[in-house]
Amino acid sequence: MSDFDPEKFEDKYVHYFPQLQRAYKNAFETMNDEFDSTLIHGIDQQILNESEPFYEDGDFVVELPENPTERLTAVVVDDDKLDAVLERYIDEIEAELHRVFGVEA
């Protein structure tokens, strides 16, 4: 846990890079344990690699790149399943950001 400063989070890669890595890694490990590892690796490498975490109004939010489901080409999965797993993954990342930074959701 770190002393979290919302203003410093605007420059998150300068001030909080190790914590961001830890939150994303923890979320990845949780998801990899619960879902098909090929799907989780594909989401991680082809969608979340360009996601952007923000801190807004007391909450962490992960913004995805445009057309996130179209970016996934390494795995064949139906859209409904991908949407559900991706939504769950984002929830897990946001929960980990709260945990790592010690900010209550």
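In the block above lies the structure referred to throughout.
Residues numbered from 1 in each chain as written. Predicted model: local features only at pLDDT ≥ 70, side-chain atom pairs only at ≥ 80, totals over all residues. Heavy atoms only, no water.

Chemist: What is the right way to read the overall build of the protein chain from this model?
Modeler: In terms of regular secondary structure, the protein chain is built from six helices and two strands. Starting at the N terminus, the α and β elements of the protein chain follow one another as α-α-α-α-β-β-α-α. Rg of the C-alpha trace for the protein chain: 14 Å, near the compact-globule value of 13 Å for 105 residues, within the 12% margin. Dimensions of the protein chain along its principal axes, counting C-alpha atoms only, are 40 × 25 × 20 Å. By residue count, 39% of the 105 residues in the protein chain fall in the buried class. Taking the contacts inside the protein chain whose residues are at least 6 apart along the sequence as the reference set, 69% of them involve residues at least 24 apart. Surface exposure of the protein chain reaches about 6,400 Å², of which carbon and sulfur atoms provide 43%. Averaging the positions of the 8 positive and the 28 negative side-chain charges in the protein chain gives two centres separated by 8 Å. (Helix = DSSP H or I, 4+ residues; strand = E, 2+ residues; numbered from the N terminus. Rg over C-alpha atoms; globule rule 2.2 N^0.38 Å. Buried < 20%, exposed > 50% of the residue type's maximum accessible area, 1.4 Å probe, protein only. Contact = heavy atoms within 4.5 Å. Areas by Shrake-Rupley, 256 points an atom, 1.4 Å probe, with all protein chains shown as cover. Lys, Arg positive; Asp, Glu negative; His and termini not counted. Charge placed at Lys NZ, Arg CZ, Asp CG, Glu CD.)

Chemist: How do you make sense of helix H3 (residues 17-34) when you look at a structure like this?
Modeler: For an α-helix the count is 3.6 residues per turn, leaving residues at separations of three or four pointing the same way. Under the 1.5 Å per step criterion, the end-to-end length of H3 is 26 Å for 18 residues, consistent within 8% with the ideal 26 Å. In this structure, the buried side of H3 is in contact with helix H1 (6-9), helix H2 (12-15), helix H4 (37-46), strand S1 (52-56), strand S2 (59-63) and helix H6 (79-101). (Expected span 1.5 Å × (residues − 1).)

Chemist: Explain the nonpolar core to me, please; I cannot follow it from the model alone.
Modeler: General note: in soluble globular proteins, nonpolar side chains tend to be found buried as a group. Within the largest apolar cluster, 28 residues are counted, with the highest numbers of intra-cluster contacts made by Ile43, Tyr89, Ile93, Leu97 and Phe101. Of all the secondary structure elements, the ones that give two or more residues to this core are H3, H4, S2 and H6. Setting aside its immediate chain neighbours within four residues, Tyr89 contacts Ala27, Phe28, Met31, Ile40, Ile43, Asp44 and Leu48. (Core = buried A, V, L, I, M, F, W, Y, C linked by side-chain atoms within 4.5 Å.)

Chemist: Would you mind showing me how to read the layout of surface pockets here?
Modeler: Unoccupied space between atoms shows up once a probe the size of one water molecule is rolled over them. When its volume is computed, the largest pocket comes out at roughly 240 Å³. Tyr13, Leu20, Tyr24, Leu48 and Ser51 are the residues nearest the centre of the largest pocket, which is lined by 13 residues in total. With five residues, H3 is the single largest residue contributor to the lining of the largest pocket. (1 Å grid on protein atoms, 1.4 Å probe; cavity = no way out; pocket = protein on both sides within 12 Å on 5 of 7 lines; lining within 4 Å. Points joined across faces, edges and corners; volume = space filled by probe spheres on them.)

Chemist: Hey, could you run me through the packing of H3 against H4 in this one?
Modeler: Each pair of packed helices can be described by the angle between their axes along with the distance between the axes. One way to put it is that H3 packs onto H4 with a least axis distance of 8 Å and a crossing angle of 150 degrees. With respect to their mutual orientation, H3 and H4 come out roughly antiparallel. The crossing of H3 and H4 is right-handed. Between H3 and H4, the residues in contact are Phe28, Met31 and Asn32 and Ser37, Ile40, His41 and Asp44, respectively. Partitioned by chemical class, the residues of the contact of H3 with H4 number three nonpolar, three polar and one charged. (Axes fitted to C-alpha atoms, helices over the stretch in contact; angles between N-to-C directions. Parallel < 35°, antiparallel > 145°, perpendicular 65-115°, else oblique. Left-handed = near helix turned anticlockwise from the far one by under 90°. Nonpolar A, V, L, I, M, F, W, Y, C, P; charged D, E, K, R; others polar.)

Keep in mind these numbers describe shape, not what the thing actually does.
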